[in-house]
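So the chains spell out like this:
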Amino acid sequence: DAGVTQSPTHLIKTRGQHVTLRCSPISGHKSVSWYQQVLGQGPQFIFQYYEKEERGRGNFPDRFSARQFPNYSSELNVNALLLGDSALYLCASSSHRGGRDGYTFGSGTRLTVV
Amino acid sequence: GNSVTQMEGPVTLSEEAFLTINCTYTATGYPSLFWYVQYPGEGLQLLLKATKADDKGSNKGFEATYRKETTSFHLEKGSVQVSDSAVYFCALSDPLFGNEKLTFGTGTRLTIIP
């Protein structure tokens, strides 16, 4: 079975641009979460979606938004990119809403803002 | 709020040495605890987990025991291998918040020398 897949794997954008990152969860998983991992730090929670509804939001500005589609895949959108948005963006899926049993992570999208 | 504090790295050991990576946490409720591992250029992999006090998680020779009295979840391995070189993250999810998100420590980089 395929794991959590993310696209693209790498991306270079210019300050002020917009970016869309995509995630496909493990088949049957209805929960998708997004994390930002800045170099040398632990991942920081951005959003969680379950059954196509936002269930949690981290401490990120409104430039960050996300959605989940009927097939449970998800998109993370970031507007007006800043240099500080350069990071590895990780998607994680779970079969249920809660993270009690842990999440399965994808390999991430490496975003570089120049 | 919830937080995870990890032993600062980097940690360098010789092959077959004993490994301990310290992790302590602060949580409002009764969290589930996790260790994730990140190999170079990859996403996070769940290494082990424990969901209640005195539970011991184990996988691939690694162990960690959920100690509520000391709010700790230290990672141990009796004999490390070169292939264990990676970054290790301690994390928690708190049922008080519906387990929607993982809170991570800053990570400990482990290098094993042959």
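Look above for the structure.
Here the structure is a predicted model, which is why all the values come from computation and not from measurement.

It is worth spelling out the packing of aromatic side chains at this point. A full pass over the atoms with the stated rule returns 12 aromatic pairs over all chains. Taking the centre distance of 6.2 Å and the plane angle of 45 degrees together, the rings of Phe34(B) and Tyr36(B) count as tilted. A centroid spacing of 6.2 Å and a plane angle of 90 degrees characterise the contact between Phe89(B) and Phe104(B), whose relative ring orientation is edge-to-face. Highlighted residues: Phe89(B) in strand β10 (residues 86–93) and Phe104(B) in strand β11 (residues 103–104), separated in sequence by 15 residues. The burial state of Phe89(B) is the same as that of Phe104(B); both residues are buried. Among the aromatic residues, those joined into a cluster by ring pairs are Tyr35(A), Phe45(A), Phe105(A), Phe34(B), Tyr36(B), Phe89(B) and Phe104(B).

Residue and element names in this part refer to chain B. Side chains Cys-23 and Tyr-25 project from strand β4 (residues 23–26) onto a buried face, and the interleaved Thr-24 and Thr-26 project onto a face without burial. As judged from the four bridges shared by strand β1 (residues 3–6) and β4, these two strands associate in the antiparallel manner. Counterpart to Gln-6 in the pairing with β4 is Cys-23.

In this section: the sheet that holds strand β3 (residues 19–21) of chain B. Residues and elements named next belong to chain B. Taken together, the four strands give an open sheet; going across it, the order is β3-β9-β8-β7, and neighbouring strands pair in antiparallel fashion. Here the strands that pair on one side only, and so sit at the sheet edges, are β3 and β7 (56–59). Across this sheet, the average inter-strand angle for adjacent strands is 15 degrees, counted without regard to direction. In this structure, strand β8 (residues 62–65) lies alongside strand β9 (residues 75–77), joined through three bridges in antiparallel fashion. Across the sheet, residue Glu-63 finds its bridge partner in β9, namely Glu-76.

Below, the discussion takes up the interface of chain B and chain A. Across the contact, 20 residues belong to chain B and 22 residues belong to chain A. Between the two partners, chain B and chain A, sit zero salt bridges. Counting across the chain B and chain A interface gives three residue pairs in polar contact (both at pLDDT 80 or more). Secondary structure elements with two or more residues in the side of chain B that touches chain A: β5 (32–38), β6 (44–50) and β10 of chain B. Top contributing element to the side of chain B that touches chain A by residue count: β5(B), with four residues.

With that settled, the discussion passes to the pattern of salt bridges. Applying the stated criterion across every chain, the model contains 10 salt bridges over all chains. With a closest N to O distance of 3.3 Å, Arg67(A) and Glu75(A) form a salt bridge. What makes Arg67(A) partly exposed here is its relative accessible area of 44%. Judged by its relative accessible area of 12%, Glu75(A) is buried. For Asp55(B), the salt bridge goes to Lys52(B), with nearest N and O atoms at 3.3 Å. In this structure, a network of salt bridges that share partners links the residues Arg22(A), Arg67(A) and Glu75(A).

Parameters and conventions
Residue numbers run consecutively from 1 along every chain, following the written order of its sequence. Both sets of labels track the order of writing: A upward for chains, 1 upward for ligands. The predicted nature of this model means local features are confined to residues of pLDDT at least 70 and side-chain atom pairs, given and counted, to a pLDDT of 80 or more, with totals for whole chains, interfaces and linings taken over all residues. Computation of side-chain values covers all heavy atoms of the structure but excludes hydrogens and water. In this analysis, rings of Phe, Tyr and Trp, with Trp reduced to its six-membered ring, are considered paired at centre separations within 6.5 Å, and the interplanar angle assigns stacked below 30 degrees, edge-to-face beyond 60, and tilted for intermediate values. A run of H or I in DSSP becomes a helix once it reaches four residues, and a run of E becomes a strand once it reaches two; helices and strands are each numbered from the N terminus. When accessible area is computed with a 1.4 Å probe and restricted to protein chains, residues below 20% of their type maximum are described as buried, those above 50% as exposed, and intermediate ones as partly exposed. A pair of strands counts as paired when DSSP detects no fewer than two bridges linking them. Structural elements are reduced to axes, namely lines fitted to C-alpha atoms, with helices fitted over the stretch in contact, and the angle between N-to-C directions of any two is expressed from 0 to 180 degrees. Between two residues, a contact is recorded if the distance between any of their heavy atoms is within 4.5 Å. Between Lys or Arg on one side and Asp or Glu on the other, a salt bridge is scored when a side-chain nitrogen of the former is within 4 Å of a carboxyl oxygen of the latter. Here a polar contact means two N or O atoms within 3.5 Å. Within protein one must be a hydrogen donor candidate and the other an acceptor candidate, and residues neighboring in sequence count only if both atoms are side-chain atoms.

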